[in-house]
Amino acid sequence: MAAAQPKSPAGATARRLARGCWSALWDYETPKVIVVRNRRLGVLYRAVQLLILLYFVWYVFIVQKSYQESETGPESSIITKVKGITTSEHKVWDVEEYVKPPEGGSVFSIITRVEATHSQTQGTCPESIRVHNATCLSDADCVAGELDMLGNGLRTGRCVPYYQGPSKTCEVFGWCPVEDGASVSQFLGTMAPNFTILIKNSIHYPKFHFSKGNIADRTAGYLKRCTFHEASDLYCPIFKLGFIVEKAGESFAELAHKGGVIGVIINWDCDLDLPASECNPKYSFRRLDPKHVPASSGYNFRFAKYYKINGTTTRTLIKAYAIRIDVVVHGQAGKFSLIPTIINLATALTSVGVGSFLCDWILLTFMNKNKVYSHKKFDKMVDTPASEPAPQASTPTDPKGLAQL
């Protein structure tokens, strides 16, 4: 009679593996808890937990409002309008002359000083002495047909006396006389601090379907008799130029002489869990150009006015020093949403476990009975063949030490 064939060990292993996989579907696992009676470690553990909870409750939820869904960068439109007149030597200036460009956008310039070169025509004249290699002693120092990109025209090859003084410069063909040879300075800043600037701004947060403007819903005559005041007339966005410069911390006389760039920042930070009346614009003012860098401080630009005299095209070249106003709008809106609330609550509860990690590290590294704690915390299993009997559960070698944990 044939001997019974032993069962295949591979089949038994597969069955054990299958049972383990099926049991994993309905088995519940829970971590083992060890109570360590140590007053200093207990105080440290609770202190860390308290700090973590304070951070999430105060900073994350109260300050940062992380329970809200947010939207940054509102859609914005800006319309500006300047009013006022001023005078210079023998002339009255109105808005049409001193505001550039006249369209009323978010960036515009108010001219406060001009250097005008009148009656320029196409012809020959001495080059500006400020142009590199423009000075000369004879015609040999001037190359005919040479064109300097930073100069005022095409050189003719002649060396001629300068407009004033004993110096000589190379003659050029261009708009003559050149700017520094016959310019006249005029100051427009006498009445400029009283110019009024209307800044009409409206914003829209598309995610929350929320829109608002910075002008009060009042009678049509309201804007004709009001000026901006943070407490009493917040929704009257009419600012005096002197007020803007003062709030930016600048001297108006210096700024009007050299020019500069002032930023009007409108901030719309809105908590849309509150009524719409609580969403208000906040204005701030600061200088944007680098005034402490001599090479690039101030602000100026050039433009020309053309006309004809006896059929000859003539122009007046104007170098304008101006106060440029840049209106910048930014903000953020937030509203309660369940998803970020759940995410941040889960993060807060998970972060409380940092206290356990820190205290475990101290126990395993610095405490006197760290080996006893390690023996109690970690169970070491040795994988033995099925034919060998399983080792008996061992008892701690230092039961007294375990009792003192």
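Before any of the text, the structure's been laid out above.
Below or above, wherever it landed, is the structure these notes cover. Remember, predicted model here, so these are calculated numbers, not experimental data.

Cut-offs applied
- What you see as residue numbers is a count from 1 along each chain, following the sequence as written.
- Note on the predicted model: pLDDT of at least 70 is required for a residue's local features to be given, and 80 or more for side-chain atom pairs to be given and counted; whole-chain, interface and lining totals, by contrast, use all residues.
- Hydrogens are left out, water is left out, and the side-chain values use all remaining heavy atoms of the structure.
- By definition, a salt bridge exists where a carboxyl oxygen of Asp or Glu is found within 4 Å of a side-chain nitrogen of Lys or Arg.
- Secondary structure elements follow DSSP: runs of H or I no shorter than four residues count as helices, runs of E no shorter than two count as strands, and numbering proceeds from the N terminus.
- Burial classification: accessible surface area is computed with a 1.4 Å probe over protein chains only, and a residue below 20% of its type maximum counts as buried, one above 50% as exposed, and the rest as partly exposed.
- To form a nonpolar core, buried Ala, Val, Leu, Ile, Met, Phe, Trp, Tyr and Cys residues must be joined to one another through side-chain atoms within 4.5 Å.
- Throughout, a residue-residue contact means that at least one pair of heavy atoms, one from each residue, lies within 4.5 Å.
- In this analysis, rings of Phe, Tyr and Trp, with Trp reduced to its six-membered ring, are considered paired at centre separations within 6.5 Å, and the interplanar angle assigns stacked below 30 degrees, edge-to-face beyond 60, and tilted for intermediate values.
- A positively charged side chain is recorded as over a ring if its NZ (Lys) or CZ (Arg) lies within 6 Å of the ring centre. The angle to the ring normal must also be within 35 degrees.
- Any two cysteine sulfur atoms within 2.5 Å of one another count as a disulfide.
- Only strands joined by at least two bridges in the DSSP assignment are considered to pair.
- The length a helix should cover is 1.5 Å for every residue beyond the first.
- In this analysis an axis means a line fitted to C-alpha atoms, helices contributing only their contacting stretch, and an angle means the value between N-to-C directions, from 0 to 180 degrees.
- Each angle is binned into one of four classes, with values under 35 degrees roughly parallel, values over 145 roughly antiparallel, values of 65 to 115 roughly perpendicular, and all other values oblique.
- For any helix crossing, the convention is left-handed if the near helix is rotated counterclockwise from the far helix by under a right angle, and right-handed if that rotation is clockwise.

### Considering the pattern of salt bridges
Applying the stated rule across the entire model yields 11 salt bridges. Here Glu69 and Lys207 are joined by a salt bridge, their closest N and O atoms 3.7 Å apart. Residue Glu69 is found in strand β1 (residues 68–72), and its partner Lys207 is found in the loop between β10 (196–205) and β11 (210–213); the two are separated by 138 residues along the sequence. Owing to a relative accessible area of 41%, Lys207 belongs among the partly exposed residues under this scheme.

### Here's the deal with the nonpolar core
Ranked by size, the top nonpolar core spans 56 residues in total, and within it Tyr98, Ile111, Ile197, Leu241 and Ile325 carry the most contacts. The greatest single-element share of this core, amounting to 8 residues, is contributed by strand β16 (residues 312–336). For Ile197, the residues in contact, after removing those within four places along its chain, are Lys81, Val82, Phe108, Ile110, Pro237, Ile238, Phe239, Leu241, Ile244 and Ile325.

### Side note on the packing of aromatic side chains
Taken as a whole, this structure holds 16 aromatic pairs when the rule is applied. On the basis of an interplanar angle of 40° and a centroid distance of 6.4 Å, the ring pair of Tyr67 and Phe336 is categorised as tilted. Of this pair, Tyr67 sits in the loop between α2 (39–63) and β1 while Phe336 sits in strand β16, and the two are 269 residues apart along the sequence. On the numbers, 6.3 Å between centres and 55° between planes, the contact of Phe228 with Phe243 is tilted. Separated by 15 residues along the polypeptide, Phe228 in the loop between α5 (222–225) and β12 (238–240) and Phe243 in helix α6 (residues 241–247) bring together distant segments of the chain. The class for Phe228 is buried, based on a relative accessible area of 14%. Taken together, Phe228, Phe239, Phe243, Tyr283 and Phe285 form an aromatic cluster joined through their ring pairs. Over the ring of Tyr299 we find Arg324, and its NZ or CZ is 5.5 Å from the ring centre.

### Describing the state of the cysteines
The full count for this structure, using the stated rule, is 5 disulfides. Across a sulfur-sulfur distance of 2.0 Å, Cys142 and Cys170 are joined as a disulfide pair. Judged by the torsion about the S-S bond (-90°), the Cys142/Cys170 disulfide is left-handed. Here Cys142 is found in the loop between β6 (107–126) and β7 (153–161), whereas its partner Cys170 is found in strand β8 (residues 168–176), with 28 residues between them in sequence. The exposure classification of Cys142 matches that of Cys170, with both residues buried. Cysteines bonded in the protein are numbered consecutively along the chain; their disulfide partners then correspond to 1-6, 2-4, 3-5, 7-8, 9-10.

### A look at the pairing of strand β13 (residues 260–271)
Burial within β13 is extensive, with 11 of its 12 residues counted as buried. By the bridge criterion, 12 bridges tie β13 to β16 in an arrangement that is parallel. Bridging across to β16, Cys270 finds its partner in Ala333.

### Let's talk about unusual backbone geometry
Between Lys100 and Pro101 the backbone carries a cis peptide bond, its omega angle lying at -15°. Considering the arrangement of structural elements, one finds Pro101 in the loop between β5 (99–100) and β6. Of note, the amide linkage connecting Cys176 to Pro177 takes the cis form, showing an omega dihedral of -5°. Here Pro177 is to be found in the loop between β8 and α4 (179–182). In this structure, Lys65 takes a positive phi of about 50° despite not being glycine. Tracing the sequence through the fold places Lys65 in the loop between α2 and β1. Judged by its relative accessible area of 29%, Lys65 is partly exposed. Here His209, not a glycine, exhibits a phi torsion of approximately 55°, which is positive. One can find His209 in the loop between β10 and β11.

### Topic: α2
In a regular helix each residue adds 1.5 Å, so 25 residues correspond to 36 Å; α2 covers 34 Å between its end C-alpha atoms and thus fits that length. What α2 keeps buried is the set Leu41, Val48, Gln49, Ile52, Phe56, Val60 and Phe61. On its buried face, α2 is in contact with α8 (338–351) and α9 (354–365). Of the residues flanking the end of α2, it is Lys65, one or two places downstream, whose phi is positive at about 50°.

### So, α8
Spanning 14 residues, α8 covers 20 Å between terminal C-alpha atoms, matching the ideal 20 Å at 1.5 Å per step. Buried residues belonging to α8 abut α2, β1, β16 and α9.

### A few points about the packing of α2 against α8
The angle between the axes and the distance between the axes are what describe a pair of packed helices. At a closest axis distance of 9 Å, the pairing of α2 and α8 adopts a crossing angle of 160°. With respect to their mutual orientation, α2 and α8 come out roughly antiparallel. The way α2 lies across α8 gives a crossing that is right-handed. In contact with Ile52, Phe56, Val60 and Phe61 of α2, α8 contributes Asn344, Leu345, Thr347, Ala348 and Ser351.

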